[in-house]
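# Breakdown of the fold
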Amino acid sequence: MAEIKTGAEIVWECLLREGVEVVFGYPGGAIMPTHDVLSKLEGKVHHVLTRHEQGATHAADGYARASGKVGVAMATSGPGATNMVTGLATAMMDSSPIVCITGQVSTTAIGGDAFQETDVTGVTLPVTKHNYLVTDVNDLAQTIREAFYIARTGRPGPVLIDLPKDVQNAKIEFEYPTDPIDLPGYHPPEKASDEQVAAALELINNADKPVILAGHGVLMSGAMKEVVELAEKASIPITTTLLGIGGVPASHPLNMGMMGMHGEACTNHAIQEADLLIACGMRFDDRVTGKLATYSPNSKKIHIEIDASEINKNIRVDVGIHADLGTVLRQINPGVKKQDHSAWLGKISDWQEESSERDVLLNSEGSSLLAAQAIKGIWEGTDGKAVIVSDVGQHQMLEAQYYEHEDPDTLVTSGGLGTMGFSLPAAIGASFHVKDREVWVIAGDGSIQMTITELATAVQENANIKIAIINNGYLGMVRQWQQLFFDARYVETPITSPDYVKLAEAYGLPGYRVDKREDVIPTMRKAQEHQGPVLIEFVVEQHDMVYPMVPAGADLDAMIRRPHQESEKLEL
């Protein structure tokens, strides 16, 4: 039976129908009618008041990545909405399903430069999968249903709904629409054709030096089991992208580790010498490929990808399959022949042994705490079972190298956009889903200061997160490039920090400082005993580097390698 509802009430009715339990946001004039309805919901939805709209969007993103559900964020018009742009772009680049609802000035004022008016749909068009401006309350419920459908299906991504204030206040007789969603032109494919399966099997069954490239799509399609099955059946080594970490257990004997600019040397060598690449849910971005013209020059290439625009965009492939990865692998795997690639795996093993000889943990001297040692300590102290939300910079790459992820969805990080400041709010968001694991932030002294106000959110919500700040006194990754390519001219990269221990106390959470290797684990134990947010500052070696490193525009295997000894010349 129809009820009289306002647009604002319809918003919450739709969110509840979509199974939304938590919303991250910041109120303001143009979204106030919708926030006001919260007072009538009797706790059915938990609203988290972040300290910045960017933080709300990252928190919704972190919740989405940790849970696999659609994250939701709200903001007001004008600056509230534009503050969400970085979070939307972050989610867009990493295919994270979020829905952002922004208030807008009344429909009669749109286009008149009203107070806090911005063309939000115009601003966010390039950084959303889709966006809407709702001008009729009768369209509101169907728009919200479509937004969630678009956000979660196909290649997931962010959707924005801009909602004028008068539409929020308008009243109609309302019945929730129940017709199936059918959007013209939007029908994500499900499976490969028989011809595509046959073509892929022909290449797989005749390859001598194959490599599986496991990307974020492995996790998003839930194809972890199928990728491992393919690898084990045909003895194919696997390498992951940054966002693909966790899709294959780190300890699996066929997992070579991460590929690309700061990936394992053995993986880059293997890719360059392979005669077949099987790309599973990844997009061949520049940090993965190095110089495109020389990327894996002698290999045939199979690319399985849910987004048709990614196939043949950067790398020309021999078999391109536009469909869901898990479905395609279930089609392919029964036809894969058992194979023995022992000679190929032996060669990779030799590369791995040579790489391990250069491991910083085996070759470090002096008493300074290294960032890699701090991160390895976090891995040991959490038994490798935590959900890690890492920020962007040297610590992000070191986390990928030294925290061994055995389980899926245990690394949350900004890969495509590389958004500094992502980790703290994203970890707060993730903590609303993760109840059976520790949640650890790994951030740099530069990145943490971009969204450090969200410490107040963590305290207000008593979010059970532990925050590790890797403090080297520099914008470390930029300083590394300056050292290698700009004659060590450290222009605007030395950065000062507040006293993080005192700052933690000011915000109302415990704070600790560690500058010795032997104090890493004992201090972690103190943090783990506390239910709620804790901050640990790790004061590390200032001029440490992340190796190996592929210079921008270089061949993938033209890596700068860590010297065996400090006196040894760096080699390309």
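Residues numbered from 1 in each chain as written. Predicted model: local features only at pLDDT ≥ 70, side-chain atom pairs only at ≥ 80, totals over all residues. Heavy atoms only, no water.

The subject of this paragraph is the nonpolar core. The biggest cluster of nonpolar side chains holds 37 residues, and the ones touching the most others in it are Leu15 and Ile101. Listed by contribution, the elements that provide at least two residues to this core are helix H1 (7-17), strand E4 (71-75), strand E5 (98-104), helix H7 (140-152), strand E7 (159-164) and strand E8 (171-174). The leading source of residues in this core is H7, at seven residues. Here Ile101 is in contact with Val11, Leu15, Ile31, Ala73, Met74, Ala75, Ile161 and Leu163, once residues within four sequence places are set aside. (Core = buried A, V, L, I, M, F, W, Y, C linked by side-chain atoms within 4.5 Å. Buried < 20%, exposed > 50% of the residue type's maximum accessible area, 1.4 Å probe, protein only. Helix = DSSP H or I, 4+ residues; strand = E, 2+ residues; numbered from the N terminus. Contact = heavy atoms within 4.5 Å.)

Moving on: the pairing of strand E15 (residues 387-390). Of the two faces of E15, the one carrying Val387 and Val389 and the one carrying Ile388 and Ser390 are both buried. Summarising the sheet, E15 and strand E16 (residues 411-413) pair through three bridges and their orientation is parallel. The residue of E16 that forms the bridge with Val389 is Val412. Handedness of the crossover is the feature at issue here: the chain leaves E15, passes through helix H18 (residues 394-402), returns alongside E16, and the resulting connection is right-handed. (Pairing = 2+ DSSP bridges. Right-handed = clockwise from strand over helix to strand, strands pointing away.)

Looking at the assigned domains, one finds that the protein chain contains domain 1 (3-174), domain 2 (194-353) and domain 3 (360-539). Domain 1 and domain 2 are separated by 37 Å when their C-alpha centres are compared. On the side of domain 2, seven residues touch domain 1, which itself brings eight residues to the contact. The largest share of the area that domain 1 buries against domain 2 comes from Met93, Asp94 and Arg155, three residues that together contribute 68% of it. Our count for the contact surface shared by domain 1 and domain 2 stands at two salt bridges. Summed over the shared surface of domain 1 and domain 2, the number is three residue pairs in polar contact (both at pLDDT 80 or more). In the side of domain 1 that touches domain 2, the residues fall into three nonpolar, two polar and three charged. (Domains from an automatic or database assignment. Buried area = accessible area lost by both parts, 1.4 Å probe. Salt bridge = Lys/Arg side-chain N within 4 Å of Asp/Glu carboxyl O. Polar contact = N/O pair within 3.5 Å; in protein donor to acceptor, adjacent residues only side chain to side chain. Nonpolar A, V, L, I, M, F, W, Y, C, P; charged D, E, K, R; others polar.)

Let us now look at the environment of Ser235. Residue placement: Ser235 occurs in the loop between helix H11 (224-234) and strand E10 (238-240). Spatially, the C-alpha atom of Ser235 lies 9.6 Å from that of Val211, the residues being 24 residues apart in sequence. Every residue in contact with Ser235, bar those within four places of it in the chain, is listed here: Leu254, Gln339, His341 and Leu345. At 3.1 Å, the side chain of Ser235 forms a polar contact with the backbone oxygen of Gln339.

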